[in-house]
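Chains, contacts and geometry: an overview
So you can see what is in the structure, the chains are spelled out below.
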Amino acid sequence: MSVEEFELADLRRVIRAAAGEVEGLDGDIIDTPFEELGYESLALLETAGRIEREYGVKLEDSVLIDASTPRALLEVVNQQLATEPSL
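Residues numbered from 1 in each chain as written. Predicted model: local features only at pLDDT ≥ 70, side-chain atom pairs only at ≥ 80, totals over all residues. Heavy atoms only, no water.

1. Observations regarding the side chain of Arg 12
Mapped onto the elements of the fold, Arg 12 is located in helix 1 (residues 8–19). For the buried Arg 12, no salt bridge exists, and the shortest N-O distance to an oppositely charged side chain is 4.1 Å, to Asp 26. Of the polar contacts made by the side chain of Arg 12, one reaches the backbone oxygen of Leu 25; its length is 2.7 Å. Within the structure, the side chain of Arg 12 is placed 3.4 Å from the backbone oxygen of Asp 26, a separation counted as a polar contact. Those residues in contact with Arg 12, other than ones at most four positions away along the chain, are Leu 25, Asp 26, Gly 27 and Ile 29. (Helix = DSSP H or I, 4+ residues; strand = E, 2+ residues; numbered from the N terminus. Buried < 20%, exposed > 50% of the residue type's maximum accessible area, 1.4 Å probe, protein only. Lys, Arg positive; Asp, Glu negative; His and termini not counted. Salt bridge = Lys/Arg side-chain N within 4 Å of Asp/Glu carboxyl O. Polar contact = N/O pair within 3.5 Å; in protein donor to acceptor, adjacent residues only side chain to side chain. Contact = heavy atoms within 4.5 Å.)

Shown next as structure tokens:
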């Protein structure tokens, strides 16, 4: 899949598919920690796996520790999309 940018709408879709719906996911969540949104480490691991498969990027395990908000995860994924050839 050739994608120029991974956007918040993409993240919402992937996280819902990976970990289910939580109230408030459609609001202004860009800087809200995933933990406050109700997504714990297992949900984020599943989300990262889906992003890797769907977008052809490799996300290091440390990404999930460091990227504690949607904005941070979007930045990491977009950096990978810009630098990595598709898997």
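Now that the structure has been shown, we can carry on.
2. Description of the confidence of the model for the protein chain
The share of residues in the protein chain with pLDDT of 70 or more is 92%, and the mean pLDDT across the chain is 88. Helix 4 (residues 61–66) is the least confidently modelled element of the protein chain, averaging 84 in pLDDT, while helix 5 (residues 70–83) averages 94, the highest of any element. (pLDDT = per-residue confidence, 0-100.)

3. Describing helix 5
For helix 5, with 14 residues, the first-to-last C-alpha span of 20 Å sits near the 20 Å given by 1.5 Å per residue. Considered for burial, the residues of helix 5 that qualify are Pro 70, Leu 73, Leu 74, Val 77, Asn 78, Gln 80 and Leu 81. Burial along helix 5 is one-sided: seen end-on, the buried residues are contained in an arc of 160°. Turned more than 90 degrees away from the buried face of helix 5, the exposed residues are Glu 75, Gln 79, Ala 82 and Thr 83. Contact partners of the buried residues in helix 5: helix 1, helix 2 (34–37), helix 3 (41–55) and helix 4. (Expected span 1.5 Å × (residues − 1). Arc of directions from axis to C-beta.)

4. Some thoughts on helix 1
Taking 1.5 Å as the rise per residue, helix 1 with 12 residues should run 16 Å; its terminal C-alpha atoms sit 16 Å apart, in good agreement. Of the residues making up helix 1, those classed as buried are Leu 8, Asp 10, Leu 11, Arg 12, Val 14, Ile 15 and Ala 18. One or two residues past the end of helix 1 sits Gly 20, with phi positive at roughly 90°.

5. Focus: the packing of helix 1 against helix 3
Orientation of helix 1 relative to helix 3, taken along the N-to-C sense of each, is 120°, at an axis distance of 8 Å. Taken as axis vectors, helix 1 and helix 3 run oblique relative to one another. Handedness of the helix 1/helix 3 crossing: right-handed. Here Asp 10, Leu 11, Arg 13, Val 14, Ile 15, Ala 17, Ala 18 and Ala 19 of helix 1 lie close against helix 3, whose contacting residues are Ala 43, Leu 44, Glu 46, Thr 47, Arg 50, Ile 51, Glu 54 and Tyr 55. Residues of the contact of helix 1 with helix 3, tallied by class, amount to 10 nonpolar, one polar and five charged. (Axes fitted to C-alpha atoms, helices over the stretch in contact; angles between N-to-C directions. Parallel < 35°, antiparallel > 145°, perpendicular 65-115°, else oblique. Left-handed = near helix turned anticlockwise from the far one by under 90°. Nonpolar A, V, L, I, M, F, W, Y, C, P; charged D, E, K, R; others polar.)

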